[in-house]
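# Examination of the molecular architecture
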Amino acid sequence: MKDRILDVVIHQPMLSGFATLTADGKPWVRYVVAEASKDLTFRFTSFKTARKVDQIAQNAEGHLTCGIPDPSKFHLPYLQIQGRAVFTTDAAEREAFWSDRLKVLFTGPDDPRYGVVVLTAYRIEYTRVGEPVEVWTRNDEVHDHPTPTNPTGAWHEAHS
């Protein structure tokens, strides 16, 4: 299961939706370009002054959705990732995550505005349209969760 999850995310940075909660408990999503490590920790950049950083400080629970890189390839698997996030400006973390693609946002790994959000996944749903959802949890238990109202199955039937 873990290997199939990594096949979705390990090869390249991936445009993803990252959700947190606002101070008044409302969901808030923004696009991020996430990268995964083999231990299913996800990282992406943020400006130190971004409201997302304040939201993480107030509530570390986060949700990342990623997978399908092209809308015409909806048959590919996608992931729903629950985890706990931290924002860091640790020099070693910033240096390790830095790549030249970040030059459009920051002057370099020492830019005082630059930080890294680290999301440690504790639950990941692996989904393919029309197939039962599989769940990975941090303690490496895998559960199948087919439901009578499988939303991807219903979508697939409606659009076939």
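Residues numbered from 1 in each chain as written. Predicted model: local features only at pLDDT ≥ 70, side-chain atom pairs only at ≥ 80, totals over all residues. Heavy atoms only, no water.

### Overview of the nonpolar core
The test is simple: Among the buried residues, those of types Ala, Val, Leu, Ile, Met, Phe, Trp, Tyr and Cys that are joined through side-chain atoms within 4.5 Å form a nonpolar core. Three exposure classes are used, based on accessible area relative to the maximum for each residue type with a 1.4 Å probe and protein chains only: buried under 20%, partly exposed in between, and exposed over 50%. Secondary structure elements are defined from DSSP: runs of H or I of at least 4 residues count as helices, runs of E of at least 2 residues count as strands, and each element is numbered from the N terminus. The criterion used for residue contact is that any of the two residues' heavy atoms lie within 4.5 Å.
Residues Val9, Phe18, Phe42, Leu64, Leu79, Ile81 and Ile124 are the most contacted members of the largest nonpolar core, which totals 24 residues. If you list the elements that add at least two residues to this core, you get α1 (2-9), β1 (14-21), β2 (27-36), β3 (41-47), β4 (61-66), β5 (78-88) and β6 (114-127). Residue contributions to this core peak at five residues, all from β6. Contacts of valine 9, omitting those with residues within four sequence positions, involve Met14, Ala36, Phe42, Cys66 and Leu79. Ranked by size, the runner-up nonpolar core spans seven residues in total, among them Trp98, Phe106, Val116 and Val118.

### Focus: the side chain of serine 46
This is how it is decided: In the analysis that follows, any N or O atom pair within 3.5 Å is treated as a polar contact, provided that within protein one partner can donate a hydrogen and the other can accept it, and provided that, for residues neighboring in sequence, both atoms belong to side chains.
Relative to the assigned elements, serine 46 resides in strand β3. Side-chain polar atoms of serine 46 contact the side chain of arginine 30, separated by 3.4 Å. In contact with serine 46, other than residues within four places in its own chain, are Arg30, Val53, Phe87, Phe106, Arg113, Tyr114, Gly115 and Val117.

### A look at the environment of alanine 60
For alanine 60, the location among the structural elements is in the loop between α2 (51-58) and β4. Look at alanine 60 and you get partly exposed, because its relative accessible area is 29%. Distance from alanine 60 to arginine 84, taken between C-alpha atoms, is 5.1 Å for residues 24 residues apart in sequence. The residues contacting alanine 60, other than those within four sequence positions of it, are Gly83, Arg84 and Ala85.

### Some details on the confidence of the model for the protein
Cut-off, in case you're wondering: Scored between 0 and 100, pLDDT is the confidence that the predictor attaches to each residue.
With 87% of its residues at a pLDDT of at least 70, the protein reaches an overall mean of 86. The model gives residues 141-160 a pLDDT under 50, and that stretch makes 25 contacts with residues more than four places away or in other chains.

### Thoughts on the pattern of salt bridges
Rule in force here: By definition, a salt bridge exists where a carboxyl oxygen of Asp or Glu is found within 4 Å of a side-chain nitrogen of Lys or Arg.
For the coordinates displayed, the defined rule picks out seven salt bridges. Note that aspartate 100 is salt-bridged to lysine 103, the shortest N-O span being 3.6 Å. Across this residue pair, the class does not change: aspartate 100 and lysine 103 are exposed.

### Thoughts on α2
Going by this rule: Think of it as the arc spanned by the lines of direction from the helix axis to the C-beta atoms.
Buried residues of α2: Lys52, Val53, Gln55 and Ile56, and no others. For α2, the buried positions fall inside an angular range of 160 degrees around the axis, keeping them on one side. Opposite the buried face of α2, at more than 90 degrees from it, the exposed residues are Arg51, Ala57 and Gln58.

### Observations regarding the packing of aromatic side chains
For the record, the criterion: Whether two aromatic rings pair depends on their centres lying within 6.5 Å, for rings of Phe, Tyr and Trp, where Trp uses its six-membered ring; planes under 30 degrees apart make the pair stacked, over 60 edge-to-face, and the rest tilted. Placement of a positive charge over a ring is assigned whenever Lys NZ or Arg CZ falls within 6 Å of the ring centre and within 35 degrees of the normal to the ring plane.
For the structure on display, the rule yields four aromatic pairs. The interplanar angle of 80 degrees and the centroid separation of 5.5 Å between the aromatic rings of tryptophan 98 and tyrosine 114 together place this pair among those described as edge-to-face. Within this pair, whereas tryptophan 98 is found in the loop between α3 (91-97) and β6, its partner tyrosine 114 is found in strand β6, the two being separated by 16 residues in sequence. When sorted by exposure, tryptophan 98 lands in the same class as tyrosine 114, which is buried. One aromatic cluster in this structure is built from Phe47, Trp98, Phe106 and Tyr114. Over the ring of tyrosine 126 we find arginine 4; its NZ or CZ atom is 5.0 Å from the centre of that ring.

### Remarks on the pairing of β6
The criterion, for reference: Between any two strands, pairing holds if DSSP finds at least two bridges.
The element β6 is extensively covered by neighbouring structure, given that 10 of its 14 residues are classed as buried. In terms of strand pairing, β3 meets β6 through seven bridges, oriented antiparallel. For phenylalanine 44, the partnering residue across the bridge sits in β6 and is valine 117. Pairing analysis gives 11 bridges linking β5 to β6, with the strands arranged antiparallel. The partner of tyrosine 78 across the bridge, within β6, is threonine 127. In this sheet, strand β7 (residues 134-137) lies alongside β6 in antiparallel orientation, the contact comprising four bridges. Paired with tyrosine 126 across the bridge in β7 is glutamate 134. Where β6 hands over to β7, the hairpin turn is made up of six residues, of which glycine 130 adopts a positive phi near 85 degrees.

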